[in-house]
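Spelled out, the chains give:
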Amino acid sequence: MPYQHLIRSTDGQVAVITLNRPERRNALSLELMQELISCLGGLAAETNIRAIILAAGGKAFSSGHDLSEMVGRTVNDYRHLFDVCTELMTKIQSIPQPVIAQVQGVATAAGCQLVATCDLAIASDQAVFATPGVKIGLFCTTPMVALSRVVGRKRALEMLLTGKLVDAATAAEWGLVNRVVPAAELETATRELACKIAQASSFTVALGKHAYYAQIDLDQPKAYAYAKEVMTLNSLAHDAQEGISAFLEKRVACWSGE
């Protein structure tokens, strides 16, 4: 389907979704977020797509919520806006394919939340990150949920309480992004990571992604109890048996996605 604020393309087994509101610094308007939810939901059902790259046009990755939509609204309007934002972030982590943020520029507030929510992230050395809501009287409370889970409490609070800009190298050191590359190499590096993921069994990757998020906030005994059951069932799967056999027989595995 056509999108007003997104560009969707496909390169083999990798899909690329590009935020396309450069004139608004790719602000996450209600309409853009709804389009992104729809696009991700559609890709989730496409078994030939093994990985998804979330990129952005223009100089900014995303400046966060569209503040023009946040003045003089009713309580129900605000609740709906943040419900949709929460649905978007949940969608990213619930679909079977890994989602990789390709961050070329500024990612602030809900834009920073978007990066923190993606399963993986590659950043240009020109990218910067911040949760500056405190400076305009609107604490970045929903971005805080994703941010605190990837950079830890003290670092998240420093970003949230000061609104300071964090450069790409610091973001990588803190775990907000996986790594930083020169701007000219960003697209290539992100595609290489996506293609590496796409080589694995789609069944196994989807199972693993779901299991990762299911266990991450459990205490250790519960996490192990859950993980051992998942791994037991995984062992029975066709692709697991094929992969083990291929390794033992020193041949390339032929995945069925089952």
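Each remark here, short or long, concerns the structure printed above.
Residues numbered from 1 in each chain as written. Predicted model: local features only at pLDDT ≥ 70, side-chain atom pairs only at ≥ 80, totals over all residues. Heavy atoms only, no water.

Participant: Can you help me understand the overall build of the protein in this one?
Facilitator: Looking only at helices and strands, the protein features 10 helices and 10 strands. Against the globule reference of 18 Å for 258 residues, the protein gives a C-alpha radius of gyration of 19 Å, in line with a compact fold. Split into buried and exposed, the 258 residues of the protein put 43% on the buried side. Sequence separation of 24 or more characterises 68% of the internal contacts of the protein that already satisfy a separation of 6 or more. (Helix = DSSP H or I, 4+ residues; strand = E, 2+ residues; numbered from the N terminus. Rg over C-alpha atoms; globule rule 2.2 N^0.38 Å. Buried < 20%, exposed > 50% of the residue type's maximum accessible area, 1.4 Å probe, protein only. Contact = heavy atoms within 4.5 Å.)

Participant: So what exactly am I meant to see when it comes to the packing of helix 3 (residues 110-117) against helix 4 (residues 141-151) here?
Facilitator: Angle between the axes and distance between the axes: these two values describe a pair of packed helices. The contact between helix 3 and helix 4 brings their axes to 8 Å, and the two run at 40°. The orientation of helix 3 with respect to helix 4, classified from their angle, is oblique. Viewed along their axes, helix 3 and helix 4 form a crossing whose handedness is left-handed. Of the residues in helix 4, those in contact with Ala110, Cys112, Gln113, Ala116 and Thr117 of helix 3 are Thr142, Pro143, Ala146, Leu147 and Val150. (Axes fitted to C-alpha atoms, helices over the stretch in contact; angles between N-to-C directions. Parallel < 35°, antiparallel > 145°, perpendicular 65-115°, else oblique. Left-handed = near helix turned anticlockwise from the far one by under 90°.)

Participant: Which parts of the structure should I look at to understand unusual backbone geometry?
Facilitator: Phi is mostly negative for residues that are not glycine, and the peptide bonds are mostly trans. Of note, the phi angle at Arg25 is positive, near 55°, even though the residue is not glycine. The class for Arg25 is partly exposed, based on a relative accessible area of 44%. Despite not being glycine, Ala109 has its phi angle at roughly 50°, a positive value. Classification of Ala109 as buried rests on a relative accessible area of 15%.

Participant: Even after reading the chapter, I still don't get the layout of surface pockets, so can you show me in this structure?
Facilitator: Taken as a whole, the largest pocket encloses approximately 650 Å³ of empty space. Along its surface, the largest pocket is lined by 26 residues, and Gln93, Ala116, Arg149, Val150 and Tyr213 are the ones closest to its centre. Among the secondary structure elements, those contributing two or more residues to the lining of the largest pocket are helix 2 (75-94), helix 3, strand 7 (120-124), helix 4 and helix 8 (202-215). Per-element tally for the lining of the largest pocket: the top contributor is helix 4, with 5 residues. Residues that form the lining of the largest pocket fall into these classes: 14 nonpolar, 8 polar and 4 charged. The computed volume of the second largest pocket comes to approximately 380 Å³. If you trace the second largest pocket, you find 22 residues lining it, with Leu67, Ala109, Gly133, Ile136 and Leu138 closest to the centre. For the lining of the second largest pocket, the leading source of residues is helix 4, giving 3 residues. Tallied by class, the residues present in the lining of the second largest pocket amount to 12 nonpolar, 6 polar and 4 charged. (1 Å grid on protein atoms, 1.4 Å probe; cavity = no way out; pocket = protein on both sides within 12 Å on 5 of 7 lines; lining within 4 Å. Points joined across faces, edges and corners; volume = space filled by probe spheres on them. Nonpolar A, V, L, I, M, F, W, Y, C, P; charged D, E, K, R; others polar.)

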